[in-house]
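If you want the building blocks of each chain, they are given just below.
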Amino acid sequence: MQQKKDTKFIKKPEYPGGKEALKKYIHDNLKYPADALEARIQGVVAVAYEVDDDGNVVSSKIITGLYPSCDEEALRLVNSLKYCPVRNRGLRIKSNFKINIFFRIDKTEKQLLETINIQYTYVTTPKKDNDNNDDKNKGEVYSYSITF
């Protein structure tokens, strides 16, 4: 049985594991910026980037921005991508890609934002008695912790 020839002349680099692996990598390595989390910024950052024939991201730029720190995080993620190298019959080419990176506040992050902890300590002054009873001369300490 004869093997089929590859009919595509120019091949594009592919992320190892395909689109699902790329989505998983983005999800696992996305670090939500603290200032965007405090401001409750959610949305999408669209990034365009070029990958050379060795599988390295050589340039990237924001197409649609969201918030300065979210844009920086999206660029950091895209620049850390590593594609499989391709050989195109002696041609050295760069392939263009676009990706949307979603910034969503998860339930756990919402809980962190909504948790407010107030601690209050109240110290009473000791009672002055003519008796030298040490128990009466000690002040009392009350401590409260309220979590919303």
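Our subject is the structure that appears above.
Reading guide: rules and limits
Residues numbered from 1 in each chain as written. Predicted model: local features only at pLDDT ≥ 70, side-chain atom pairs only at ≥ 80, totals over all residues. Heavy atoms only, no water. Core = buried A, V, L, I, M, F, W, Y, C linked by side-chain atoms within 4.5 Å. Buried < 20%, exposed > 50% of the residue type's maximum accessible area, 1.4 Å probe, protein only. Helix = DSSP H or I, 4+ residues; strand = E, 2+ residues; numbered from the N terminus. Contact = heavy atoms within 4.5 Å. Axes fitted to C-alpha atoms, helices over the stretch in contact; angles between N-to-C directions. Parallel < 35°, antiparallel > 145°, perpendicular 65-115°, else oblique. Left-handed = near helix turned anticlockwise from the far one by under 90°. Nonpolar A, V, L, I, M, F, W, Y, C, P; charged D, E, K, R; others polar. Phe/Tyr/Trp six-rings, centres within 6.5 Å; stacked < 30°, edge-to-face > 60°. Expected span 1.5 Å × (residues − 1). Pairing = 2+ DSSP bridges. Salt bridge = Lys/Arg side-chain N within 4 Å of Asp/Glu carboxyl O.

Participant: Before we move on, could you go through the nonpolar core and cite the residues and values that matter?
Facilitator: Grouped together as the largest cluster of nonpolar side chains are 23 residues, with contacts concentrated most on Y49, L81, Y83, I99 and I101. Residue assignment for this core shows that the elements contributing at least two residues are α1 (18–29), α2 (34–38), β1 (43–51), α3 (68–79) and β3 (95–103). Non-local contacts of L81, meaning those with residues more than four positions away in its chain, are made with Y15, L22, Y25, I26, Y49, G55 and V57.

Participant: For the packing of α1 against α3, give the residues involved together with the corresponding values.
Facilitator: Helix-helix packing is characterised by the crossing angle of the two axes and by the distance between the axes. In the contact formed by α1 and α3, the axes pass within 11 Å of each other and the chain directions differ by 130 degrees. Between α1 and α3, the interaxial angle falls into the category oblique. As for how α1 packs across α3, the hand of that crossing is right-handed. Along the contact surface, α1 presents Y25, I26 and N29, while α3 presents E73, R76 and L77. Its residues assigned to classes, the contact of α1 with α3 shows 3 nonpolar, 1 polar and 2 charged.

Participant: Tell me about the packing of aromatic side chains, residues and numbers included.
Facilitator: According to the stated counting rule, one finds 6 aromatic pairs in the structure shown. For the pair Y49 and Y83, a centre-to-centre distance of 6.3 Å together with 45 degrees between the ring planes defines the contact as tilted. You can see Y49 sitting in strand β1 and its partner Y83 sitting in the loop between α3 and β3, a full 34 residues away along the chain. Neither Y49 nor Y83 differs from the other in exposure class; each is buried.

Participant: Please set out α3 residue by residue, giving values where relevant.
Facilitator: Given a rise of 1.5 Å per residue, 12 residues ought to cover 16 Å, and the 17 Å separating the end C-alpha atoms of α3 matches this to within 8%. Along α3, the positions that sit buried rather than exposed are S69, C70, D71, E73, A74, L77 and V78.

Participant: Describe the pairing of strand β2 (residues 57–64), naming the residues involved and giving the relevant values.
Facilitator: Examined bridge by bridge, β1 and β2 share 6 bridges and lie antiparallel to one another. Within β2, the residue paired with A48 across the bridge is K61. Linking β1 back to β2 in an antiparallel pair, the connection comprises 5 residues, with G55 at a positive phi of about 95 degrees.

Participant: Now, about the sheet that holds β3: what can you tell me, with residues and values included?
Facilitator: Read from one edge to the other, the open sheet built from 3 strands follows the order β2-β1-β3, with strand pairing classed as antiparallel. Of all strands in the sheet, those bounded by a partner on one side alone are β2 and β3. Averaged over all neighbouring strand pairs, the angle between strand axes comes to 25 degrees, with direction disregarded.

Participant: Run through the pairing of β1, naming residues and quoting values.
Facilitator: With 9 bridges connecting them, β1 and β3 associate as antiparallel partners. When the sheet's bridge partners are listed, V44 is paired in β3 with F102.

Participant: Please set out the pattern of salt bridges residue by residue, giving values where relevant.
Facilitator: If charged atoms from side chains of opposite charge come close, those side chains can pair. Taken as a whole, this structure holds 7 salt bridges when the rule is applied. Across the pair D53 and R87 runs a salt bridge whose closest N-O atoms are separated by 3.9 Å. Of this pair, D53 sits in the loop between β1 and β2 while R87 sits in the loop between α3 and β3, and the two are 34 residues apart along the sequence. Assessed through its relative accessible area of 5%, D53 is described here as buried. Overall, the relative accessible area of 56% leaves R87 in the exposed class. Between R92 and D54 there is a salt bridge, with the nearest N and O atoms lying 3.6 Å from each other. Taken together, the residues R92 in the loop between α3 and β3 and D54 in the loop between β1 and β2 connect sequence positions 38 residues apart. Residues joined by salt bridges that share partners form a network here, namely D53, D54, R87 and R92.

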